[in-house]
Every structure is written in C-alpha cells, then in structure tokens.
Amino acid sequence: VQLQASGGGLVQAGGSLRLSCAASGRTFSTYTMSWFRQAPGKEREFVAVIAWSGSSTDYADSVKGRFTISRDNAKNTVYLQMNSLKPEDTAVYYCAARSKYYSGSYYSALAYAYWGQGTQVTVSS
C-alpha cells in the first residue's frame, strides 16, 4: 500500500488542523492505521492508532482529549483531527499502516511496514 499524507501547516497555539492520509489499493480496510510524529532531534513517537474497522482507537497521553483519529474505508483515507494545538505538537507527522493480522505492539514504529512521506505541522506560541 502507498500512503500520501497531507494537511499540515502553520497554526497558532490553540488552533486546529486536520491531517489526511490517502492510501492506494483495494485492501485499505485490512490495515491498522496509525499516526506518528517526529520533532527535530527526537525519535519518532506514536500519536494515535485506529483498528481496521474503526471500532477501536488509542492515543498517546500527550494528545488524548485533543486529537481524534478516524477513517473512511470507502475513501481509503485516515484522518487526524488536531485541536487545542500546542507548540510542543510541532513535528513532522507520518501516517503508517500494518496488516490487521499483525499482533505486535502498535506503539512501536518498527511494527509498521508502510509509511507516508510526512507532513509538517508547526504550532507557534
């Protein structure tokens, strides 16, 4: 599967952005989808995950209550709605996919076989 992330930009603290990740292929609904982010000088970190069916989600503590992950399997797209943005949310955001049959920890970037190219999110104070 090929992934294309979009929707990043520059926003003031307290603002909102919605990221999108469009996937190619007809098997999108068989993938667990996640968002990760990487700030300069830091390791890539888990942000949010959504099950293949959309029935379950999980979030990093740092974004819980502010970010919402969702997916539209008919459109082969996963979204990340980001509200109440903070300067510390500044990073390149990546979408990632892995087979729904894979059982390893979804918090680890190593567990994902497919990655989008990343989209820059900058939050000014």
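Here's what I pulled together on the structure shown here. Only a predicted model underlies this, so the values are computations on that prediction, with no experimental measurement involved. (Residues numbered from 1 in each chain as written. Predicted model: local features only at pLDDT ≥ 70, side-chain atom pairs only at ≥ 80, totals over all residues. Heavy atoms only, no water.)

## Observations regarding the environment of Thr90
When you line up the elements, Thr90 lands in the loop between β8 (77–82) and β9 (91–99). Accessibility expressed as a relative area gives 22% for Thr90, which makes it partly exposed. Each C-alpha atom of the pair Thr90 and Val121 lies 5.4 Å from the other, and the pair is 31 residues apart in sequence. Beyond its immediate sequence surroundings of up to four residues, Thr90 is in contact with Ala39, Gln120, Val121, Thr122 and Val123. Within the local environment of Thr90, its side chain forms a polar contact with the backbone oxygen of Pro87, the two atoms lying 2.9 Å apart. (Helix = DSSP H or I, 4+ residues; strand = E, 2+ residues; numbered from the N terminus. Buried < 20%, exposed > 50% of the residue type's maximum accessible area, 1.4 Å probe, protein only. Contact = heavy atoms within 4.5 Å. Polar contact = N/O pair within 3.5 Å; in protein donor to acceptor, adjacent residues only side chain to side chain.)

## Topic: the state of the cysteines
This structure, assessed with the given rule, holds one disulfide. Each sulfur in the disulfide pair Cys21 and Cys95 lies 2.1 Å from the other. Because the sign of the S-S torsion sets the handedness, a value of about 65° for the bond joining Cys21 and Cys95 places this disulfide among the right-handed ones. Residue Cys21 is found in strand β3 (residues 17–23), and its partner Cys95 is found in strand β9; the two are separated by 74 residues along the sequence. For the pair Cys21 and Cys95, a shared accessibility class is recorded, and that class is buried. (Disulfide = S-S within 2.5 Å.)

## Brief notes about the pairing of strand β11 (residues 119–124)
A one-sided burial pattern is seen for β11, the buried positions being Thr119, Val121 and Val123 and the unburied ones Gln120, Thr122 and Ser124. Two strands pair when backbone bridges link them, and strand β2 (residues 9–12) and β11 are joined in this way by four bridges, in the parallel orientation. In the sheet register, Gly9 faces β11, and the bridge partner there is Val121. Relative to β11, β9 runs antiparallel, the two being bridged by three bridges. Looking at β11, one finds that Tyr93 is bridged to Thr119. (Pairing = 2+ DSSP bridges.)

## Looking at unusual backbone geometry
Positive phi outside glycine occurs at Asn76, with the angle close to 55°. Tracing the chain through its elements places Asn76 in the loop between β7 (67–72) and β8. According to the relative accessible area criterion, Asn76 is buried, its value standing at 17%. In this structure, Ser84 takes a positive phi of about 50° despite not being glycine. Mapping Ser84 onto the fold places it in the loop between β8 and β9. Its relative accessible area of 40% is what places Ser84 among the partly exposed residues.

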